[in-house]
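Remarks on the overall topology
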Amino acid sequence: MKVLFGCVASVRVVRPKIANQEGGFLLAGNHISHFDPFIISSVVRRKIDWMAMAEFFPLPLLGLFLRAVDAFPADRDRADHTTIRTAIERLKQGRIVGIFPEGGIRDGERSILEGAPLRAGASALAHIAGVPILPCVIVGSDRLYAKRSWLPWRRTPIWIAFGDPIPPFRDLEKAAARAHIEHQLAAAFKHLYVELREKFQLTSDDLPHPPKERMGKKRELVNHEDHEKHEENFFRADFSSSHDLRVLRGETKQNRLRRFAAAGVDALMCASMNLLQSRHRLNARSREEMEHYVAECEKLSLHDYYSPPHNADLAGAVGNAAALTWHSPINTKFPANNVARVDLFPSARGWSAPTVLMLHALMSVTHNGYRRSAARFNELGWNACFVHLPYHYSRVPRGYWNGELAITADLIRNAEGLRQGVLEVRQLISALRAHGCREFGVLGASYGAWIGALLACVERDLRFVALMAPIVNIEHAIWQSPAAIFMRRELRRVKIEPSLVARHFYLSSPTHNQPLCDAARVLFVAGDFDSIVRPADIEAIHERWRGSELLRVPQGHFGYRMLRETIARLKERGL
């Protein structure tokens, strides 16, 4: 970090020695850019364990980097006991824990520098751990959003000030101590901000601005004055107050920032997937093998292809066990993948209650979110089953990463993996039926939603099928998606052309089929900024599956908002 920012920034620090004191303390800073933790860490000699957004950790490369520097995840929307426990343990061990009490990037009136209220949490952590809080104010780092700031030797000025430590006031009653800490912390932020402005004679351009402005994406007024006036009149007609108008405009700006962030996260994930595929040189099958496989498949109907063998022992295994395991109906050359597994979360009503089958995304890093969702379904009287899809979780062969083998240039293995997933879920449904369950729901994301869509084409008795960013346009996924660059290179190397692959679409592509269950029970969920599963493709299958519902969510392909809004919509529909 020192080398990187030493080339592009000139960082001036007020009282750096305070930040290098011994012992554990909570470093609390304002937040004006994504560069803040890296720049602050580069001027503090001791290592800082940053509390970072939970959404970043499921991403393979970024998550690996964050864990490597001892960062830990925090959910910004709720109090996470695991996060609190981790922070307190590290503080008591004498380490520095970094936190941004604003809960996100803020500028102007929304910033603590301008008097906006602090989020609860920092004072509680410091009081419980019995450590001081060190206030820190950074100004100028938001300029790094502009491309010109990264030109050689430009040296963008950045200013940082550390304040005096605020004690935990352990001798005061809990509520009084926390209120006292929050008051002193808020005052310290304002004082340090004034100190930086006066000491370095900062101008208005030096002070925090929205990232969008720093990137130069200002509204073009000259050529659009009439349109702006028309737009304003429309807004005023539909909203009763100027406050509502400002709120709506703020949401529009927020969506632009979300689009920028989503594009970055999606690009990083695509790069990770391509890098992961090239790590083992997972070469495609020969053209002859592919032709033979497709020719054999063409002899089968959709229902023949996804017809599972009966498993009498599986029904008897359903009970109070925490998980079910059985031998998969498809054998692969990887023994670990040949054992199907489902984690069970029964409700108080037992297995006669309706059951939701949760199908995770490709290379899903953690199933904690699905476990929380299972608890929510349990509260609604539903049982929940978290299915370990082929080559994921307990089924990862030694020497490979989670989901690495599920989608590669080996299209035969891809197709058989999809088939394996559908067959195993159908076996599970059959076993649960034998145990008294009569209604089922499907909650799938990305790769899991692909399997869920295929399941809807062969299963009739599904109460709902919620498909979040499902991979439905297979042609685009293989030949155009940014996540399949390495795959395409391998396919072209062995002369496997699109027309050969397309012969299998009637078995593997949801767009080429119709649901066997009632289409009105299907909920498609699309990310407005998704660059991997295009919203237009989901709109197309929504129109093809007449009667289905389409929900749009302002996020990219990766994120947790879609899961929350999908479950909320299912509750509105009465599941």
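Since this is a predicted model, take the numbers as computed values, not measurements.

1. Things to note about a nonpolar patch on the surface
Nonpolar side chains collect at one region of the surface, where Met 1, Leu 4 and Trp 150 lie side by side and expose about 270 Å² of accessible area between them. Residue Trp 150 is classed as partly exposed on the basis of its relative accessible area of 32%.

2. A look at the nonpolar core
Of all hydrophobic cores here, the largest spans 84 residues; its most connected members are Leu 428 and Tyr 447. Looking at this core, the element that brings in the most residues is helix α14 (residues 411–434), giving ten residues. The contacts of Leu 428, once residues within four sequence positions are left out, are Leu 314, Leu 324, Trp 326, Val 342, Leu 357, Cys 385 and Val 387. Counting 35 residues, the second largest nonpolar core, distinct from the first, contains Val 14, Ile 133, Val 137 and Ile 166.

3. Things to note about the packing of aromatic side chains
Overall, the coordinates contain 14 aromatic pairs when judged by the stated rule. Between the aromatic rings of Phe 35 and Trp 150, the centroid separation amounts to 5.8 Å while the plane-to-plane angle is 50°, which identifies the pairing as tilted. Of this pair, Phe 35 sits in the loop between β2 (25–29) and α2 (36–43) while Trp 150 sits in the loop between β6 (133–139) and β7 (156–162), placing them 115 residues apart in sequence. The class for Phe 35 is buried, based on a relative accessible area of 18%. Arranged with centres 5.3 Å apart and planes meeting at 50°, the rings of Trp 382 and Phe 464 form a pair that is tilted. Taken together, the residues span a long stretch of sequence, with Trp 382 in the loop between α13 (368–379) and β11 (383–388) and Phe 464 in strand β13 (residues 464–468) at a distance of 82 residues. For Phe 464, a relative accessible area of 1% corresponds to the buried category. Joined through ring pairs, the aromatic side chains of Phe 35, Tyr 145 and Trp 150 make up one cluster. Here Lys 199 stacks its cationic end above the ring of Phe 200, 5.9 Å away from the centre of that ring.

4. Topic: the side chain of Arg 214
Take Arg 214: it is sitting in helix α7 (residues 211–214). Judged by relative accessible area, which is 9%, Arg 214 ranks as buried. Engagement of the side chain of Arg 214 in a polar contact is seen with the backbone oxygen of Leu 207, the distance being 3.0 Å.

5. Here's the deal with the sheet that holds β2
Here seven strands make up an open sheet; going across it, the order is β1-β7-β6-β2-β5-β3-β4 and the pairing mixed. Because the sheet does not close on itself, it has two edges, and the strands there are β1 (9–14) and β4 (72–74). Direction aside, the axes of adjacent strands within the sheet are offset by 25° on average. Sheet topology places β6 next to β7; four bridges connect them, and they run antiparallel. Directly across from Cys 136, in β7, lies its bridge partner Phe 162. The strands touched by helix α6 (residues 174–199) are β1, β2, β6 and β7; relative to β6, the strand with the most contacts, the crossing angle is about 35°.

6. Notes on the sheet that holds β11
The eight strands lie next to each other as β8-β9-β11-β10-β12-β13-β14-β15, forming an open sheet whose pairing is mixed. At either margin of the open sheet sits one strand with a lone partner, and together these are β8 (323–327) and β15 (549–553). Neighbour to neighbour, the strand axes of the sheet diverge by 20° on average, direction disregarded. As paired strands, strand β10 (residues 355–359) and β11 are joined by five bridges and run parallel to one another. Of the residues in β11, the one forming a bridge with Thr 355 is Asn 383.

Each value, and the rule that gives it
Every chain is numbered on its own, with residues counted from 1 as its sequence reads. This being a predicted model, a pLDDT of at least 70 is required before a residue's local features are given, and a value of 80 or more before pairs of side-chain atoms are given or counted; all residues contribute to the totals for chains, interfaces and linings. To obtain the side-chain values, all non-hydrogen atoms of the structure were used and water was disregarded. Patches in this entry comprise residues that are over 30% relatively accessible and not in a salt bridge; like charges within 9 Å are linked, as are nonpolar side chains (Val, Leu, Ile, Met, Phe, Trp, Tyr) within 5 Å. Computed with a 1.4 Å probe, the accessible areas rest on the Shrake-Rupley method; for each residue, only the protein chains presented here act as cover. Salt bridge, as used here, is a side-chain nitrogen of Lys or Arg placed within 4 Å of a carboxyl oxygen of Asp or Glu. Between buried and exposed lies partly exposed: a residue is buried under 20% and exposed over 50% of the maximum accessible area for its type, with that area taken using a 1.4 Å probe on protein chains only. Here, nonpolar core means buried Ala, Val, Leu, Ile, Met, Phe, Trp, Tyr and Cys residues that are tied together by side-chain atoms lying within 4.5 Å of each other. Counting from the N terminus, the helices are DSSP H or I runs at least four residues long and the strands are E runs at least two residues long. In what follows, a contact means two residues having at least one pair of non-hydrogen atoms within 4.5 Å. Each Phe, Tyr or Trp ring (for Trp, its six-membered ring) is paired with any other whose centre lies within 6.5 Å, and the angle between the two planes then decides the class: stacked below 30 degrees, edge-to-face above 60, tilted in between. A ring is scored as having a charge over it whenever the NZ atom of a lysine or the CZ atom of an arginine sits within 6 Å of its centre and within 35 degrees of its normal. Each polar contact in these results corresponds to two N or O atoms within 3.5 Å; when the atoms are within protein, one needs to be able to donate a hydrogen and the other to accept it, and residues that are neighboring in sequence are counted only if both atoms are side-chain atoms. Any two strands are treated as partners once DSSP identifies two or more bridges connecting them. Inter-axis angles, ranging from 0 to 180 degrees, are taken between N-to-C directions of lines fitted to C-alpha atoms, where helices are fitted over the stretch in contact.

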